[in-house]
Structure formats: structure tokens, C-alpha cells
Amino acid sequence: MCGTGDGNGDPCNGGAVLSQPEGVIDFSNSYDANAACSWKITCRGRGRNPHVHFNSFDTEMGFDFLNLYSGENAQAPAVEGVPARGLSGTMPATTDYTSATNTMYLQFTSDNSVAGQGFSLRYECAGGARPHPPSPAPAPAAPIRVGQTVQGNLAHAGDIDFYSFQATAGTPP
């Protein structure tokens, strides 16, 4: 049995492309031997990256793998937190992964023997417009005169860190 997504194409015959802002990939109730299936999730909008939340995951440990890539295909870097060989065996239903780009490529492969129950996940395009710097906004850059001391801070807004520092002109920081 080949799992489905809510996009076009058969994931196990050429791949499925998912471009809706959210959806479900249900690849449960077992899967075929020698499966080679793929899904490409693409999010539209600046800063919106695919985020997947597993509802269930059960594959033959060490033989059937789901790989997640931050990009268009399997040549892209792996999604942070995914083991080098991919996800295999069982894992908690609370496991989440987020692509570092606006596209996530999922590739499932199985061997020719035992099959697990498969997996089910919900995806969404997380993020949105880039966050604004924290208030109060940092003062515009200005030259530092010899002997003048400047102070600053570190603030976090969304997924961006804003840095500032303290330095005295004429001395190394």
C-alpha cells in the first residue's frame, strides 16, 4: 500500500508535491517491500518553512528509513536533528522537525522484508514575515570618539538575535 498526501502525484510513483500551507501525510497501515516514496513540501511566503509533527511512526528498525531534507531533493542538507541514516524504528508522537528553507523533501525507503505500520504526520508552513527588532530599536550607528564608552544588549525577536555591545574607542573589544 502506498501512502497519500494532500497534493498531486503518487508519492511511490514519481513523488508527490505538496504546496498547501498545511496538510497530512498518512503513510500508515503498513507499506510495500522495496518502497521508494517521496514528498516535497513547499511553503510560499518569506520566512515560512515546512514544520512536521509526527502523529505516529513505526518502521522496521535499521532497514526502513524516512529521511528529511532542508531543500528540493535528497542532495540538500538533512533537517536538523534527523540521524545521518534517517528516521527508523519507533519514536514518540510528539516529535517535530522544521526545515531550514521554504522546502522540505521527505524520502522513504524500505527493504524487501519486514514492514512496520508506517507513519502519519501533519505539516504546516510555520513562521511568517521576519520579526521586527525589539523595542526600543537600537540607536543608529554613530562614530565613537576616543575615550567614549558605548553600551548595548542582546535581544531576541522570533528566530533572529539582535546583538549590541559595550566598547571604548581606541581599545580592543
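Coordinates for the structure precede this section.
Being a predicted model, the structure only gives us computed values, none of them experimental.

Caption draft 1: Spatial organisation of the sheet that holds strand β3 (residues 22-28). Pairing is antiparallel in the open sheet, where four strands are placed in the order β3-β9-β5-β7. Taken across any chain shown, the strands that pair with only one partner, and hence form the sheet edges, are β3 and β7 (96-98). Neighbouring strand axes in the sheet, compared pairwise and without regard to direction, differ in orientation by 20 degrees on average. The pairing of strand β5 (residues 48-58) with β7 spans three bridges and is classified as antiparallel. Bridge pairing in β7 links V52 to Y97.

Caption draft 2: How the structure looks around the nonpolar core. Ranked by internal contacts, the top residues of the largest apolar core, which has 25 residues, are W39, F54, L68 and F119. Sorting the residues of this core by element identifies β2 (13-18), β3, β4 (36-42), β5, β6 (65-69), β8 (103-109) and β9 (118-127) as the ones contributing at least two each.

Caption draft 3: Layout of the environment of T103. Relative to the assigned elements, T103 resides in strand β8. A relative accessible area of 1% places T103 in the buried class. For T103 and L18, which are 85 residues apart along the polypeptide, the C-alpha to C-alpha distance reads 9.8 Å. Discounting chain neighbours no more than four positions away, the residues touching T103 are K40, I41, T42, P50, Y69, S70, G71 and E72. Within polar-contact distance, the side chain of T103 engages the side chain of E72 at 3.4 Å.

Caption draft 4: Up close: the packing of aromatic side chains. Counting across every chain of the model gives 12 aromatic pairs. Measuring from ring centre to ring centre gives 5.2 Å for F27 and F119, while their planes differ by 35 degrees; the resulting arrangement is tilted. On the criterion of sequence distance, the pair formed by F27 in strand β3 and F119 in strand β9 is long-range, its members being 92 residues apart. A single burial state applies to F27 and to F119, both of which are buried. An angle of 75 degrees between the planes, with centres 5.8 Å apart, marks the rings of W39 and F119 as edge-to-face. Residue W39 is located in strand β4, and its partner F119 is located in strand β9; the two are separated by 80 residues in the primary sequence. Here W39 matches F119 in class, with each residue buried. Among the aromatic residues, ring-to-ring pairing joins F27, Y31, W39, F54, F57, Y97, F108 and F119 into one connected group.

Caption draft 5: Just unusual backbone geometry, in detail. Despite not being glycine, N29 shows a phi value in the positive range, around 70 degrees. Inspection of the secondary structure puts N29 in the loop between β3 and β4. Although it is not a glycine, S30 sits at a positive phi angle of roughly 75 degrees. Mapping S30 onto the fold places it in the loop between β3 and β4. Among the residues examined, S30 registers a relative accessible area of 28% and is labelled partly exposed.

Each value, and the rule that gives it
Residues numbered from 1 in each chain as written. Predicted model: local features only at pLDDT ≥ 70, side-chain atom pairs only at ≥ 80, totals over all residues. Heavy atoms only, no water. Pairing = 2+ DSSP bridges. Helix = DSSP H or I, 4+ residues; strand = E, 2+ residues; numbered from the N terminus. Axes fitted to C-alpha atoms, helices over the stretch in contact; angles between N-to-C directions. Core = buried A, V, L, I, M, F, W, Y, C linked by side-chain atoms within 4.5 Å. Buried < 20%, exposed > 50% of the residue type's maximum accessible area, 1.4 Å probe, protein only. Contact = heavy atoms within 4.5 Å. Polar contact = N/O pair within 3.5 Å; in protein donor to acceptor, adjacent residues only side chain to side chain. Phe/Tyr/Trp six-rings, centres within 6.5 Å; stacked < 30°, edge-to-face > 60°.

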